[in-house]
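Descriptive analysis of the structure
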Amino acid sequence: LKPLWLKLRGTCSAVSRRAPFGLDHRLHICTGSSPTRPHQTAAAMMKKSSSLPGIMMLGCSKPKGNDSTFGKKNTLGFRLQHGAVDLHFGGPSSSEALNAAQLLRNPGWRQNAHASDALNRPASSPALEDVIPKNVRHPRVAPAWLKHDKQVLRFYGYFQEHVTESAVENSRYRQVSFMFFMEDGTLSIIETKVENSGIPQGQFLKRHRVPRDDGMGFVGPDDFRCGSLVTIYSRTYKVTGCDRFTRWFCEENGLDVGEDEPMVQDRWQQSYKFNKIAEKGGLPVTMQAQDAKIYCKFMTGQPPADTKMTQFLLNDGKVLRFKAFWDDPTLYGARVYFVVHYFLANNTVEVNEAHARNSGRDAYPVLLKRGPLYKRNTANAYPGMLVSDGGLYMPEDLKVGESISVWGRDVVLYECDDFTQKFYKEFNDLDQLASRIDVSEKPLRHLKLAPPPHNGIGTEEDSLINCEMIQPKAHKQDLAKLMVLSGENLRFEAKCVNGEAEDECRRFVISYLPDTDRTAVYEMPVRNSGHMGGKFREKSRIKNPETGKYFSLQDLYVGNTVTICSQPLQIIRADEHCLQFLEARPDEFPWANPAACARKLQPLFGEPELQDPAGVDPDLLKEVAASQGVNFVDHEMITF
């Protein structure tokens, strides 16, 4: 049997083919209702539109009738060999669907989900790919087009060109600039344009990679050096200089570009420059023309030219500036710095003091107001009496490194500015900066007074604290050291080795207290020695005359000789408690470190004297170690 929907579809299709009228008639046939007339159906369908006034609503209405019989539901599906299946009344919803439906009830479920993901995401540093876009990343090894982008090396030079059929010149020098682009190794040559030269100038060689004349590679920066010749396409160029960036770049990369050379000018360039200066009236007037002008003025009755006015018109605004100083020879006098101004308009001088901040001097800096400065100042006892002016200071009298007299003060000129240097270079070919004096003051070094020597009364710390403060305080002690090492007493036995026969039998006990670093010496009573036993040196901090510091535990070991009260005492042994105390601290006392002593015996393992199962005598071991270049002290022998 065919399914129900196929039967219905066939019925509707057949009716639609037979009836050539409207859609509404076919719907009625499919639903099983009685057909109506065409004009009635059209009138029913062409109703007024409720959304757009004046527009008739076309017929697309829902079919009328029993929907349970012929109506097709939206949730109706079909499966082969199973028939119709209602998808709406399927199985129970999954947990994921229920969770999704629960989330959709909250309008801000998307923001909450993103916030929870951000909190649960593990903290990690952002990668470079997440921060920098791809189009702005730099490679680890930058290529030449990126590393040397927009960097151009510029060299200056010229080449000589032969000129034929010219009465003015037989050759000319054409100035060019070599532009080397480092991003791709290309080279271009540009010729400087000259006005009315009659030569097509500008781009002389287009930018490209230029092969060397010998065919070995291409032209590079190392082929250009000031004063050298470069051959490009069978034309030889002379390199004369380079710009500042090119010189800096070559120096940074270890390339020697040499010193700049002056540009060469041919005869045409010299004549062209001379003619341009003459056209603009830049040439000086000849002596014959000057004499003729003066003669004409006398002939016409004109007064002679005013020399001072001429000097003023030519040199107005031109001032020579010098820096100077004067050493005040009076008591408590100091060095005073000045600025000397020499006005070329009327040969007057002005001297101002150069005050520094917080110098303590008055606010008015003028030492000498503007006026003529004479080398010798004299007083005229009789008014109207003719006397010499004492010699006026002229520009040639002011030289850096020399002194001038300013009303009895010897003011030394030690520097000048750039305009003054240029003026003297052109005026009398004098280099003022060559005699410049360095007046920078040396940094002050404050000497700290040494404390007075100890007079022997009390401790040295107590005497020193009286020199450091008005109200002395007690010297601070190491409380931790006192609490840990309180009651410890390390005793060493010593003998006197001053070379006197009567002192050889004397024995001493050196007592060291590690809690306060104090040392005491007691002499042991020896019968019939002639010396009374008892206290030899009072318990206190004693300085070691060899090091200048107080005796420490590292200075006391068996075999060492110490000087106490001007008596050399050689330590010969120590008691058992002292040895155990020192061996318990091998880092502080290296002579009592068994591991260090054993390492010093490694060069002696092959000696036959050390293979004796009965042991070896300490004196023999010390002799064998000395023969192998290993020095042992007596305390190390005891530790080993």
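Residues numbered from 1 in each chain as written. Predicted model: local features only at pLDDT ≥ 70, side-chain atom pairs only at ≥ 80, totals over all residues. Heavy atoms only, no water.

This part covers the overall build of the protein chain. Counting secondary structure elements, the protein chain contains 19 helices and 22 strands. With 640 residues in all, the protein chain has 25% of them scored as buried. When contacts within the protein chain are restricted to residue pairs at least 6 apart in sequence, those whose partners lie at least 24 apart make up 45%. (Helix = DSSP H or I, 4+ residues; strand = E, 2+ residues; numbered from the N terminus. Buried < 20%, exposed > 50% of the residue type's maximum accessible area, 1.4 Å probe, protein only. Contact = heavy atoms within 4.5 Å.)

Attention shifts here to a nonpolar patch on the surface. A cluster of nonpolar side chains, namely F274, I277 and L283, defines an oily patch on the protein surface of about 250 Å² accessible area. The residue F274 is located in helix α10 (residues 267–279) in this model. (Patch = residues over 30% accessible without salt bridge, like charges linked within 9 Å, V, L, I, M, F, W, Y side chains within 5 Å. Areas by Shrake-Rupley, 256 points an atom, 1.4 Å probe, with all protein chains shown as cover. Salt bridge = Lys/Arg side-chain N within 4 Å of Asp/Glu carboxyl O.)

With respect to the element layout, K622 can be found in helix α18 (residues 618–627). If near-sequence neighbours (up to four positions away) are discounted, K622 is found in contact with F632, D634 and M637.

As enumerated under the stated definition, the model contains 17 aromatic pairs in all. On the numbers, 6.2 Å between centres and 80 degrees between planes, the contact of Y337 with Y414 is edge-to-face. Taken together, the residues span a long stretch of sequence, with Y337 in strand β12 (residues 335–343) and Y414 in strand β16 (residues 409–416) at a distance of 77 residues. For Y414, a relative accessible area of 9% puts it in the buried group. Following the ring pairs from residue to residue traces out a cluster consisting of F155, F159, F178, F204, F224 and Y237. The ring of F181 is capped by R207, whose NZ or CZ atom sits 3.8 Å from the centre of that ring. We note R585 situated over the ring of F581; from NZ or CZ to the ring centre the distance is 3.9 Å. (Phe/Tyr/Trp six-rings, centres within 6.5 Å; stacked < 30°, edge-to-face > 60°. Lys NZ or Arg CZ within 6 Å of the ring centre and 35° of its normal.)

Before going further, it helps to examine α10. The first and last C-alpha atoms of α10 sit 18 Å apart over 13 residues, in line with the 18 Å expected at 1.5 Å per residue. Immediately downstream of α10, the backbone of G281 shows phi near 75 degrees, a positive value. (Expected span 1.5 Å × (residues − 1).)

On to the nonpolar core. One broad trend across soluble globular proteins is that nonpolar side chains are buried collectively. L490, F492, I510, I564, L569 and L582 are the most contacted members of the largest nonpolar core, which totals 26 residues. Residue assignment for this core shows that the elements contributing at least two residues are β17 (490–496), β18 (507–513), β21 (561–564), β22 (567–574) and α16 (576–583). Ignoring any residue separated from it by four or fewer positions in sequence, one finds I510 in contact with L490, R491, F492, A494, T519, A520, V521, L556, V562, I564, L569 and I571. In terms of nonpolar packing, the next biggest core, distinct from the first, is built from 23 residues, V336, V340, V349 and L413 among them. (Core = buried A, V, L, I, M, F, W, Y, C linked by side-chain atoms within 4.5 Å.)

Another point: the pairing of strand β19 (residues 518–524). Both β18 and β19 contribute to a ladder of seven bridges, which runs antiparallel. Bridging across to β19, V509 finds its partner in Y522. Once β18 ends, the chain turns through four residues before running back antiparallel as β19, passing D517 with a positive phi of about 55 degrees. For β19 and strand β20 (residues 534–540), the ladder comprises four bridges, and the chain directions are antiparallel. (Pairing = 2+ DSSP bridges.)

This part covers the confidence of the model for the protein chain. Model confidence for the protein chain is summarised by a mean pLDDT of 80, while 83% of its residues fall at 70 or above. Scored below 50 in pLDDT, residues 1–46 shows 31 contacts in the model against residues more than four places distant or in partner chains. Across residues 68–73, confidence stays below pLDDT 50; counting only partners more than four residues off in sequence or on other chains, it has five contacts. (pLDDT = per-residue confidence, 0-100.)

Applying the stated rule across the entire model yields 23 salt bridges. Taking the shortest distance from any N to any O, the salt bridge between E523 and R506 comes out at 2.9 Å. Of this pair, E523 sits in strand β19 while R506 sits in the loop between β17 and β18; the two residues are 17 residues apart in sequence, bridging distant segments of the chain. Each of the two residues, E523 as well as R506, counts as buried. Each of E161, E169, R172, R174 and E191 takes part in a single network of salt bridges with overlapping partners.

What the six strands build is an open sheet, ordered β14-β13-β12-β11-β16-β15; its pairing is antiparallel. Single-partner strands in this sheet number two, and they are β14 (366–371) and β15 (403–406). Within this sheet the neighbouring strands show an average axis-to-axis angle of 35 degrees, counted without direction. By the bridge criterion, three bridges tie strand β13 (residues 348–353) to β14 in an arrangement that is antiparallel. Within β14, the residue paired with V351 across the bridge is L368. The sheet contacts of helix α13 (residues 418–427) involve β11 (319–327) and β16, and relative to β11 the element is tilted by about 110 degrees. (Axes fitted to C-alpha atoms, helices over the stretch in contact; angles between N-to-C directions.)

We now examine the sheet that holds β17. Across the sheet, which stays open at both edges, the six strands sit in the order β20-β19-β18-β17-β22-β21 with antiparallel pairing between neighbours. If you trace the sheet from one side to the other, it starts and ends with β20 and β21, each paired once. Pairwise comparison of adjacent strand axes, ignoring direction, gives a mean angle of 30 degrees for this sheet. Across the face of the sheet, α16 comes into contact with β17 and β22 while running at roughly 115 degrees to β17.

This part is about unusual backbone geometry. In this model, Y233 sits at a positive phi of 55 degrees, which is unusual for a non-glycine residue. Structurally, Y233 can be placed in the loop between β9 (229–232) and β10 (235–242). Look at Y233 and you get partly exposed, because its relative accessible area is 48%. Backbone geometry places N347, a non-glycine residue, at a positive phi of 60 degrees.

Another point: the pairing of β13. Across the six residues that make up β13, a large majority, five, are buried. Turn length for the β12-β13 hairpin, with the two strands adjacent in sequence and antiparallel, is four residues, and the turn residue N347 shows positive phi of about 60 degrees.

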